[in-house]
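Structural characterization, general
Each chain, letter by letter, is given below.
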Amino acid sequence: MQELLTSTRLDPYLALFLGSLSLVAVVWSILWLYFLPGGRGLWSWGPRGWRIPMVLAGILPVALAVLGFLPIGQTVQRGLSFAGAGLGLFGGLSLGFSAWRRRQSFKNFVPPLGPRLLNLQKGLRVQGEWRLMLTSDPHFDSPTSDTGTSLALLRRATKIPVQALVILGDFVERGIAGWGLTLKILREGLGTQVPLVPILGNHDALFGGHKLFLKAFPQQQTSSGSPWYYTWDVVSAEAVSVRFFVLHLLWGTETFDQAQHQWLERSLAETPPGWMKVALSHCFFASSGWTDGQRRPWFDHPETLAEVAPLLEAGGVSLVVSGHQHHLEYLSYRGLRYAVVGAGGAVARPVTHESPASLWRATRNKGSLVLVGTPQGLELIFEDEWGKELHRVQLSPKT
Ligand SMILES: [Fe+2]
(Lines give C-alpha, C1' and ligand atoms only; values in the text may rest on other atoms or scores of the structure.)
Protein backbone atom coordinates (compact mmCIF):
# COMPACT_ATOMS: atom_id res chain seq x y z
CA MET A 1 0.00 0.00 0.00
CA GLN A 2 2.85 2.34 0.98
CA GLU A 3 4.63 1.59 -2.31
CA LEU A 4 1.45 2.23 -4.24
CA LEU A 5 0.96 5.59 -2.52
CA THR A 6 4.61 6.57 -3.06
CA SER A 7 4.46 5.73 -6.75
CA THR A 8 1.01 7.20 -7.45
CA ARG A 9 0.42 10.93 -7.77
CA LEU A 10 -2.81 12.69 -7.04
CA ASP A 11 -2.82 16.42 -7.37
CA PRO A 12 -3.97 17.72 -3.94
CA TYR A 13 -6.08 20.38 -5.65
CA LEU A 14 -7.84 17.69 -7.69
CA ALA A 15 -8.33 15.72 -4.44
CA LEU A 16 -9.85 18.80 -2.81
CA PHE A 17 -12.20 19.25 -5.76
CA LEU A 18 -13.32 15.60 -5.64
CA GLY A 19 -13.60 15.71 -1.83
CA SER A 20 -15.87 18.74 -2.01
CA LEU A 21 -18.34 16.92 -4.32
CA SER A 22 -19.84 15.18 -1.32
CA LEU A 23 -20.17 18.48 0.58
CA VAL A 24 -21.94 20.10 -2.39
CA ALA A 25 -24.29 17.10 -2.71
CA VAL A 26 -25.04 17.11 1.05
CA VAL A 27 -25.76 20.86 1.13
CA TRP A 28 -27.93 20.57 -2.01
CA SER A 29 -29.86 17.60 -0.55
CA ILE A 30 -30.55 19.38 2.76
CA LEU A 31 -31.69 22.60 1.02
CA TRP A 32 -33.88 20.59 -1.39
CA LEU A 33 -35.52 18.74 1.52
CA TYR A 34 -35.96 21.92 3.56
CA PHE A 35 -37.72 23.85 0.81
CA LEU A 36 -40.11 21.04 -0.18
CA PRO A 37 -43.75 21.37 0.98
CA GLY A 38 -43.56 20.16 4.57
CA GLY A 39 -39.75 20.35 4.57
CA ARG A 40 -39.58 22.81 7.45
CA GLY A 41 -42.03 20.68 9.41
CA LEU A 42 -39.96 17.58 8.75
CA TRP A 43 -36.88 19.46 9.99
CA SER A 44 -38.68 20.41 13.24
CA TRP A 45 -40.67 17.26 13.90
CA GLY A 46 -39.01 14.46 11.93
CA PRO A 47 -36.32 12.03 13.11
CA ARG A 48 -32.94 13.61 13.78
CA GLY A 49 -30.65 10.58 13.72
CA TRP A 50 -29.58 11.28 10.11
CA ARG A 51 -28.12 14.72 10.85
CA ILE A 52 -24.69 13.76 12.26
CA PRO A 53 -23.95 11.10 9.57
CA MET A 54 -25.04 13.58 6.88
CA VAL A 55 -22.79 16.36 8.26
CA LEU A 56 -19.89 13.89 8.48
CA ALA A 57 -20.51 12.74 4.89
CA GLY A 58 -20.24 16.39 3.80
CA ILE A 59 -17.28 17.54 5.89
CA LEU A 60 -15.03 14.49 6.32
CA PRO A 61 -13.90 14.11 2.65
CA VAL A 62 -13.05 17.83 2.39
CA ALA A 63 -11.24 17.76 5.74
CA LEU A 64 -9.12 14.77 4.63
CA ALA A 65 -8.32 16.44 1.30
CA VAL A 66 -7.27 19.66 3.12
CA LEU A 67 -5.04 17.67 5.49
CA GLY A 68 -3.39 16.31 2.35
CA PHE A 69 -1.77 19.75 1.88
CA LEU A 70 0.06 19.61 5.25
CA PRO A 71 3.79 18.78 5.20
CA ILE A 72 3.48 15.55 7.17
CA GLY A 73 5.27 13.15 4.87
CA GLN A 74 4.57 12.34 1.25
CA THR A 75 2.97 8.96 1.90
CA VAL A 76 0.61 10.29 4.58
CA GLN A 77 -0.22 13.32 2.43
CA ARG A 78 -1.07 11.16 -0.56
CA GLY A 79 -3.06 8.75 1.63
CA LEU A 80 -5.14 11.63 2.96
CA SER A 81 -5.67 13.06 -0.53
CA PHE A 82 -6.76 9.67 -1.86
CA ALA A 83 -9.11 9.09 1.06
CA GLY A 84 -10.68 12.56 0.73
CA ALA A 85 -11.05 12.25 -3.04
CA GLY A 86 -12.48 8.72 -2.85
CA LEU A 87 -15.00 9.50 -0.13
CA GLY A 88 -16.01 12.76 -1.80
CA LEU A 89 -16.54 11.04 -5.12
CA PHE A 90 -18.52 8.22 -3.48
CA GLY A 91 -20.73 10.61 -1.45
CA GLY A 92 -21.36 12.94 -4.39
CA LEU A 93 -22.18 10.12 -6.81
CA SER A 94 -24.39 8.26 -4.30
CA LEU A 95 -26.53 11.31 -3.48
CA GLY A 96 -26.60 12.36 -7.15
CA PHE A 97 -27.68 8.89 -8.24
CA SER A 98 -30.47 8.69 -5.66
CA ALA A 99 -31.72 12.15 -6.75
CA TRP A 100 -31.68 11.00 -10.39
CA ARG A 101 -33.54 7.77 -9.54
CA ARG A 102 -36.16 9.70 -7.58
CA ARG A 103 -36.65 12.09 -10.47
CA GLN A 104 -37.01 9.19 -12.90
CA SER A 105 -39.56 7.40 -10.69
CA PHE A 106 -41.64 10.61 -10.46
CA LYS A 107 -41.46 11.06 -14.22
CA ASN A 108 -42.30 7.45 -15.03
CA PHE A 109 -45.17 7.02 -12.56
CA VAL A 110 -48.32 6.17 -14.49
CA PRO A 111 -51.25 6.10 -12.06
CA PRO A 112 -53.59 3.11 -12.37
CA LEU A 113 -57.33 3.66 -12.45
CA GLY A 114 -58.28 5.31 -9.18
CA PRO A 115 -61.44 6.51 -7.45
CA ARG A 116 -63.76 9.19 -8.77
CA LEU A 117 -62.84 12.61 -7.39
CA LEU A 118 -65.38 15.15 -6.24
CA ASN A 119 -65.56 18.17 -8.50
CA LEU A 120 -64.42 20.77 -5.99
CA GLN A 121 -65.66 23.73 -7.99
CA LYS A 122 -69.20 22.32 -8.18
CA GLY A 123 -69.21 20.74 -4.70
CA LEU A 124 -72.42 18.94 -3.82
CA ARG A 125 -75.95 20.19 -4.48
CA VAL A 126 -78.58 18.15 -2.63
CA GLN A 127 -82.26 18.50 -1.92
CA GLY A 128 -82.62 17.18 1.63
CA GLU A 129 -80.35 15.59 4.26
CA TRP A 130 -76.83 14.66 3.23
CA ARG A 131 -74.02 12.49 4.55
CA LEU A 132 -70.25 12.63 4.27
CA MET A 133 -67.68 10.23 5.68
CA LEU A 134 -64.38 11.59 7.02
CA THR A 135 -61.40 9.45 7.90
CA SER A 136 -57.63 9.75 7.66
CA ASP A 137 -54.21 8.15 7.86
CA PRO A 138 -54.71 4.78 6.15
CA HIS A 139 -50.93 4.59 5.41
CA PHE A 140 -51.90 1.96 2.83
CA ASP A 141 -48.36 0.73 2.05
CA SER A 142 -47.11 0.52 5.63
CA PRO A 143 -46.51 -3.07 6.84
CA THR A 144 -48.04 -2.16 10.22
CA SER A 145 -51.27 -0.74 8.78
CA ASP A 146 -54.54 -2.64 8.72
CA THR A 147 -55.58 -2.58 5.07
CA GLY A 148 -58.60 -4.80 5.87
CA THR A 149 -59.94 -2.04 8.13
CA SER A 150 -59.32 0.60 5.47
CA LEU A 151 -61.18 -1.48 2.88
CA ALA A 152 -64.07 -2.06 5.30
CA LEU A 153 -64.32 1.72 5.81
CA LEU A 154 -64.36 2.36 2.06
CA ARG A 155 -67.09 -0.25 1.56
CA ARG A 156 -69.04 1.22 4.47
CA ALA A 157 -68.99 4.59 2.63
CA THR A 158 -70.67 2.96 -0.38
CA LYS A 159 -73.13 1.07 1.82
CA ILE A 160 -74.46 4.01 3.89
CA PRO A 161 -74.16 5.56 1.21
CA VAL A 162 -72.45 8.90 1.68
CA GLN A 163 -72.38 11.64 -0.95
CA ALA A 164 -68.58 11.93 -0.65
CA LEU A 165 -65.66 10.50 1.30
CA VAL A 166 -62.99 12.84 2.67
CA ILE A 167 -59.57 11.35 3.50
CA LEU A 168 -57.45 13.87 5.38
CA GLY A 169 -54.01 12.67 4.37
CA ASP A 170 -51.30 10.09 4.95
CA PHE A 171 -52.37 7.78 2.15
CA VAL A 172 -48.81 6.43 2.00
CA GLU A 173 -45.92 6.07 4.42
CA ARG A 174 -42.92 7.69 2.69
CA GLY A 175 -44.31 9.94 -0.04
CA ILE A 176 -42.20 8.51 -2.85
CA ALA A 177 -43.82 5.05 -3.02
CA GLY A 178 -47.14 3.27 -2.59
CA TRP A 179 -49.33 5.47 -4.80
CA GLY A 180 -50.21 2.71 -7.29
CA LEU A 181 -51.31 0.45 -4.43
CA THR A 182 -53.26 3.32 -2.86
CA LEU A 183 -55.23 3.98 -6.04
CA LYS A 184 -56.01 0.28 -6.52
CA ILE A 185 -57.32 -0.09 -2.94
CA LEU A 186 -59.41 3.08 -3.24
CA ARG A 187 -60.87 1.88 -6.54
CA GLU A 188 -61.55 -1.56 -5.08
CA GLY A 189 -63.32 -0.16 -2.03
CA LEU A 190 -65.18 2.81 -3.51
CA GLY A 191 -65.71 1.82 -7.13
CA THR A 192 -67.07 4.84 -8.93
CA GLN A 193 -70.04 5.26 -6.64
CA VAL A 194 -68.66 7.60 -3.97
CA PRO A 195 -66.49 10.57 -4.98
CA LEU A 196 -63.36 11.25 -2.95
CA VAL A 197 -61.89 14.47 -1.57
CA PRO A 198 -58.19 13.68 -0.99
CA ILE A 199 -56.14 15.97 1.28
CA LEU A 200 -52.34 15.95 1.45
CA GLY A 201 -50.77 14.60 4.66
CA ASN A 202 -47.25 15.05 6.02
CA HIS A 203 -46.24 11.49 5.07
CA ASP A 204 -47.65 11.95 1.54
CA ALA A 205 -45.41 14.98 1.01
CA LEU A 206 -42.15 13.34 2.17
CA PHE A 207 -39.19 13.53 -0.26
CA GLY A 208 -41.23 15.31 -2.93
CA GLY A 209 -44.20 12.91 -2.73
CA HIS A 210 -46.58 15.87 -3.20
CA LYS A 211 -45.83 15.59 -6.94
CA LEU A 212 -47.01 11.97 -6.97
CA PHE A 213 -50.10 12.98 -4.95
CA LEU A 214 -51.02 15.43 -7.72
CA LYS A 215 -50.46 12.73 -10.35
CA ALA A 216 -52.55 10.22 -8.39
CA PHE A 217 -55.33 12.75 -7.71
CA PRO A 218 -55.27 15.22 -10.58
CA GLN A 219 -56.97 18.30 -9.17
CA GLN A 220 -59.31 20.45 -11.11
CA GLN A 221 -59.20 24.17 -10.59
CA THR A 222 -59.77 25.03 -6.92
CA SER A 223 -61.45 28.11 -5.44
CA SER A 224 -58.11 29.58 -4.31
CA GLY A 225 -55.98 28.50 -7.26
CA SER A 226 -53.81 26.44 -4.86
CA PRO A 227 -54.05 22.63 -4.90
CA TRP A 228 -53.38 22.57 -1.14
CA TYR A 229 -55.85 25.03 0.42
CA TYR A 230 -59.30 25.84 -0.92
CA THR A 231 -63.01 25.80 -0.10
CA TRP A 232 -65.77 23.53 -1.35
CA ASP A 233 -69.46 23.55 -0.55
CA VAL A 234 -72.33 21.26 0.26
CA VAL A 235 -75.50 23.17 -0.58
CA SER A 236 -78.86 21.79 0.45
CA ALA A 237 -82.32 23.19 -0.13
CA GLU A 238 -83.88 21.63 2.98
CA ALA A 239 -80.93 20.86 5.27
CA VAL A 240 -78.00 22.94 6.42
CA SER A 241 -75.47 24.17 3.85
CA VAL A 242 -71.78 23.95 4.76
CA ARG A 243 -68.62 25.55 3.42
CA PHE A 244 -65.54 23.38 3.99
CA PHE A 245 -62.14 25.06 4.36
CA VAL A 246 -59.28 22.73 3.46
CA LEU A 247 -56.14 23.99 5.23
CA HIS A 248 -52.56 23.18 4.24
CA LEU A 249 -51.07 22.19 7.59
CA LEU A 250 -48.77 19.17 7.30
CA TRP A 251 -46.80 19.05 10.57
CA GLY A 252 -47.84 22.32 12.16
CA THR A 253 -47.88 25.94 11.04
CA GLU A 254 -44.68 25.66 8.93
CA THR A 255 -46.82 25.65 5.75
CA PHE A 256 -49.22 28.35 6.99
CA ASP A 257 -47.77 31.24 5.00
CA GLN A 258 -49.04 34.79 4.50
CA ALA A 259 -50.93 33.88 1.30
CA GLN A 260 -52.85 31.10 3.06
CA HIS A 261 -53.50 33.31 6.08
CA GLN A 262 -55.02 36.06 3.89
CA TRP A 263 -57.01 33.55 1.83
CA LEU A 264 -58.48 32.01 5.00
CA GLU A 265 -59.55 35.35 6.50
CA ARG A 266 -61.07 36.47 3.18
CA SER A 267 -62.89 33.17 2.53
CA LEU A 268 -64.33 33.02 6.05
CA ALA A 269 -65.70 36.55 5.64
CA GLU A 270 -67.19 35.76 2.21
CA THR A 271 -69.18 32.68 3.30
CA PRO A 272 -72.94 33.19 2.74
CA PRO A 273 -74.82 34.00 5.95
CA GLY A 274 -76.63 31.05 7.54
CA TRP A 275 -74.13 28.48 6.26
CA MET A 276 -72.06 26.44 8.72
CA LYS A 277 -68.26 26.46 8.40
CA VAL A 278 -66.08 23.40 8.86
CA ALA A 279 -62.27 23.37 8.63
CA LEU A 280 -60.43 20.28 7.37
CA SER A 281 -56.73 19.83 8.07
CA HIS A 282 -54.27 16.97 8.11
CA CYS A 283 -52.37 18.31 11.11
CA PHE A 284 -54.08 18.28 14.49
CA PHE A 285 -55.18 21.19 16.66
CA ALA A 286 -56.62 20.00 19.97
CA SER A 287 -56.08 16.30 20.64
CA SER A 288 -54.82 13.82 23.14
CA GLY A 289 -51.48 12.20 22.40
CA TRP A 290 -48.05 11.62 23.85
CA THR A 291 -44.59 13.11 24.27
CA ASP A 292 -41.97 11.66 21.97
CA GLY A 293 -38.34 10.72 22.70
CA GLN A 294 -37.24 14.34 22.23
CA ARG A 295 -39.91 15.58 24.66
CA ARG A 296 -41.98 17.09 21.85
CA PRO A 297 -45.69 17.22 22.66
CA TRP A 298 -47.81 15.36 20.10
CA PHE A 299 -51.02 16.66 21.61
CA ASP A 300 -52.89 20.01 21.81
CA HIS A 301 -50.62 21.38 19.11
CA PRO A 302 -49.32 24.72 20.50
CA GLU A 303 -48.60 26.51 17.19
CA THR A 304 -51.86 25.74 15.39
CA LEU A 305 -53.86 26.54 18.55
CA ALA A 306 -52.05 29.90 18.85
CA GLU A 307 -51.81 30.95 15.18
CA VAL A 308 -54.67 29.33 13.26
CA ALA A 309 -57.42 28.55 15.79
CA PRO A 310 -58.08 32.26 16.64
CA LEU A 311 -58.79 32.95 12.93
CA LEU A 312 -61.26 30.06 12.86
CA GLU A 313 -62.87 31.17 16.13
CA ALA A 314 -63.24 34.77 14.90
CA GLY A 315 -64.48 33.57 11.49
CA GLY A 316 -67.38 31.60 12.97
CA VAL A 317 -66.13 28.07 12.24
CA SER A 318 -68.15 25.41 14.08
CA LEU A 319 -65.95 22.36 13.69
CA VAL A 320 -62.32 21.47 12.86
CA VAL A 321 -61.69 17.94 11.57
CA SER A 322 -58.12 16.67 11.42
CA GLY A 323 -56.09 13.49 11.05
CA HIS A 324 -52.42 12.99 12.00
CA GLN A 325 -53.25 11.37 15.36
CA HIS A 326 -54.29 7.77 14.68
CA HIS A 327 -57.41 7.65 16.78
CA LEU A 328 -60.95 9.01 17.07
CA GLU A 329 -61.65 11.89 19.43
CA TYR A 330 -64.08 14.72 20.04
CA LEU A 331 -62.96 17.89 21.83
CA SER A 332 -64.15 21.36 22.72
CA TYR A 333 -61.71 24.27 23.07
CA ARG A 334 -62.52 28.01 23.32
CA GLY A 335 -65.95 27.53 21.73
CA LEU A 336 -64.67 25.49 18.78
CA ARG A 337 -65.37 21.78 18.38
CA TYR A 338 -62.64 19.45 17.18
CA ALA A 339 -62.92 15.97 15.70
CA VAL A 340 -59.84 13.78 15.26
CA VAL A 341 -60.43 11.08 12.65
CA GLY A 342 -56.99 9.52 12.00
CA ALA A 343 -58.26 5.97 12.57
CA GLY A 344 -58.33 4.98 8.89
CA GLY A 345 -56.01 1.97 9.20
CA ALA A 346 -52.63 2.97 10.65
CA VAL A 347 -51.44 1.66 13.98
CA ALA A 348 -52.31 3.95 16.92
CA ARG A 349 -49.71 4.96 19.48
CA PRO A 350 -50.66 4.60 23.13
CA VAL A 351 -52.10 7.88 24.42
CA THR A 352 -50.25 9.07 27.51
CA HIS A 353 -51.60 12.62 27.59
CA GLU A 354 -55.34 13.20 27.70
CA SER A 355 -56.18 16.69 26.47
CA PRO A 356 -58.17 18.79 28.95
CA ALA A 357 -60.31 19.71 25.92
CA SER A 358 -61.23 16.06 25.30
CA LEU A 359 -64.89 15.11 25.62
CA TRP A 360 -64.75 11.62 24.14
CA ARG A 361 -62.04 9.35 22.73
CA ALA A 362 -61.79 5.84 21.24
CA THR A 363 -58.16 4.83 20.81
CA ARG A 364 -58.72 1.11 20.27
CA ASN A 365 -61.22 1.54 17.46
CA LYS A 366 -60.52 2.11 13.82
CA GLY A 367 -63.26 4.09 12.19
CA SER A 368 -64.57 7.31 10.78
CA LEU A 369 -66.78 10.30 11.37
CA VAL A 370 -70.07 10.39 9.48
CA LEU A 371 -71.22 13.97 9.14
CA VAL A 372 -74.95 14.33 8.57
CA GLY A 373 -76.45 17.60 7.35
CA THR A 374 -79.95 18.00 8.78
CA PRO A 375 -82.39 20.95 8.86
CA GLN A 376 -81.23 21.56 12.48
CA GLY A 377 -77.50 21.60 11.74
CA LEU A 378 -74.80 18.93 11.76
CA GLU A 379 -74.94 15.54 13.36
CA LEU A 380 -71.57 13.94 14.09
CA ILE A 381 -71.62 10.15 14.27
CA PHE A 382 -68.36 8.41 15.13
CA GLU A 383 -68.49 4.83 13.84
CA ASP A 384 -66.13 1.88 13.81
CA GLU A 385 -65.21 0.30 10.48
CA TRP A 386 -68.22 -2.01 10.57
CA GLY A 387 -70.69 0.81 11.13
CA LYS A 388 -71.18 0.34 14.89
CA GLU A 389 -72.02 3.73 16.41
CA LEU A 390 -69.47 4.82 19.02
CA HIS A 391 -70.49 8.39 19.78
CA ARG A 392 -73.02 10.93 18.53
CA VAL A 393 -73.12 14.73 18.86
CA GLN A 394 -75.44 17.43 17.52
CA LEU A 395 -74.01 20.78 16.37
CA SER A 396 -76.32 23.73 15.71
CA PRO A 397 -75.42 26.60 13.39
CA LYS A 398 -73.72 29.53 15.17
CA THR A 399 -75.92 32.57 15.59
FE1 LIG B 1 -50.37 9.38 9.96
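Here is a short report on the structure shown in this document. These numbers were taken from a predicted model, which means no experiment stands behind them.

With respect to the overall build of the protein
A tally of helices and strands in the protein yields 11 helices and 16 strands. Out of the 399 residues in the protein, the part that is buried amounts to 46%.

Things to note about the sheet that holds strand β4 (residues 196-198)
Here we have 6 strands laid out as an open sheet, ordered β4-β3-β2-β14-β15-β16, and mixed in their pairing. Either end of the sheet is taken by a strand with one partner, and the two such strands are β4 and β16 (389-395). Adjacent strand axes in the sheet meet at a mean angle of 20°, parallel and antiparallel pairs treated alike. Summarising the sheet, strand β14 (residues 367-374) and strand β15 (residues 377-384) pair through 8 bridges and their orientation is antiparallel. Pairing of Val370 across the sheet is with Ile381, part of β15.

What about unusual backbone geometry?
The bulk of non-glycine residues show a negative phi, and the bulk of peptide bonds are trans. For the bond from Ile160 to Pro161, the omega torsion is -15°, close enough to zero to count as cis. Within the secondary structure, Pro161 is located in the loop between α6 (147-159) and β3 (164-167). One non-glycine residue, Phe207, lies in the positive phi region at around 55°. With respect to the element layout, Phe207 can be found in the loop between β4 and α8 (209-216).

Side note on the packing of helix α2 (residues 12-35) against helix α4 (residues 51-67)
At a minimum axis separation of 8 Å, α2 and α4 run at an interaxial angle of 165°. Put simply, α2 runs roughly antiparallel to α4. Relative to α4, the crossing made by α2 is left-handed. Seen from α2, the contacting residues are Ala15, Leu16, Gly19, Ser20, Ser22, Leu23, Val26 and Val27; seen from α4, they are Met54, Ala57, Gly58, Ile59, Pro61, Val62, Leu64, Ala65 and Val66. Partitioned by chemical class, the residues of the contact of α2 with α4 number 13 nonpolar, 4 polar and no charged.

Remarks on the pairing of β3
Because side chains alternate across β3, one face comprises the buried residues Ala164 and Val166, and the other comprises Leu165 and Ile167, equally buried. Sheet topology note: the strand β2 (residues 130-135)/β3 ladder contains 4 bridges and is parallel. Bridging across to β3, Leu132 finds its partner in Ala164. In the classification by handedness, the crossover that spans β2, the intervening α6 and the parallel β3 is right-handed. When β3 meets β4, the two strands line up parallel, connected through 3 bridges. Across the sheet, Ile167 pairs through a bridge with Pro198, a residue of β4. After leaving β3, the chain enters helix α7 (residues 179-190) and then returns to the sheet as β4, a path that is right-handed.

So, the sheet that holds strand β10 (residues 319-322)
Strand order in this open sheet of 8 strands is β1-β5-β6-β7-β10-β12-β11-β13, and the pairing throughout is mixed. Strand pairing shows two members of the sheet lacking a second neighbour, β1 (124-126) and β13 (358-362), which therefore form its edges. Direction aside, the axes of adjacent strands within the sheet are offset by 15° on average. As judged from the 4 bridges shared by β10 and strand β12 (residues 336-341), these two strands associate in the parallel manner. What sits directly across from Val321, in β12, is Ala339.

Some remarks on the nonpolar core
Counting 83 residues, the largest nonpolar core has Val166, Leu280 and Val321 as its most contacted members. If we skip the residues at most four places from it in the chain, Val321 touches Leu134, Leu168, Val278, Leu280, Ala339, Val341 and Leu369. Within the second largest apolar cluster, 16 residues are counted, among which are Ala15, Leu21, Leu23 and Leu87.

Rules of the game
- Each residue is numbered by its place in its chain's sequence as written, counting from 1.
- Whole-chain, interface and lining totals are the exception, using all residues; otherwise, since this is a predicted model, local features are given only for residues with pLDDT of at least 70 and side-chain atom pairs are given and counted only at 80 or more.
- Only DSSP runs of H or I reaching four residues or more are called helices, and only runs of E reaching two or more are called strands; each is numbered from the N terminus.
- Backbone-placed C-beta atoms define the burial measure: a residue is buried with 20 or more other C-beta atoms within 10 Å of its own, exposed with 12 or fewer, and partly exposed in between.
- Two strands make a pair as long as DSSP finds a minimum of two bridges between them.
- As a rule, the C-alpha atoms of each element are fitted with a line to give its axis, helices using only the stretch in contact, and angles between N-to-C directions run from 0 to 180 degrees.
- Roughly parallel refers to an angle under 35 degrees, roughly antiparallel to one over 145, roughly perpendicular to one between 65 and 115, and oblique to any angle outside these ranges.
- Crossings are assigned a handedness: left-handed for a near helix turned anticlockwise from the far helix by less than a right angle, right-handed for a clockwise turn.
- Residues are defined as contacting one another if the C-beta atoms placed from their backbone atoms lie within 7 Å.
- Gly is placed with the polar residues, together with every amino acid not listed as nonpolar (Ala, Val, Leu, Ile, Met, Phe, Trp, Tyr, Cys and Pro) or charged (Asp, Glu, Lys and Arg).
- Orient the strands so they point away from the viewer, and a crossover whose first-strand-to-second-strand path over the helix runs clockwise is right-handed.
- Defined on buried residues, the nonpolar core groups Ala, Val, Leu, Ile, Met, Phe, Trp, Tyr and Cys residues joined through C-beta atoms within 7 Å.

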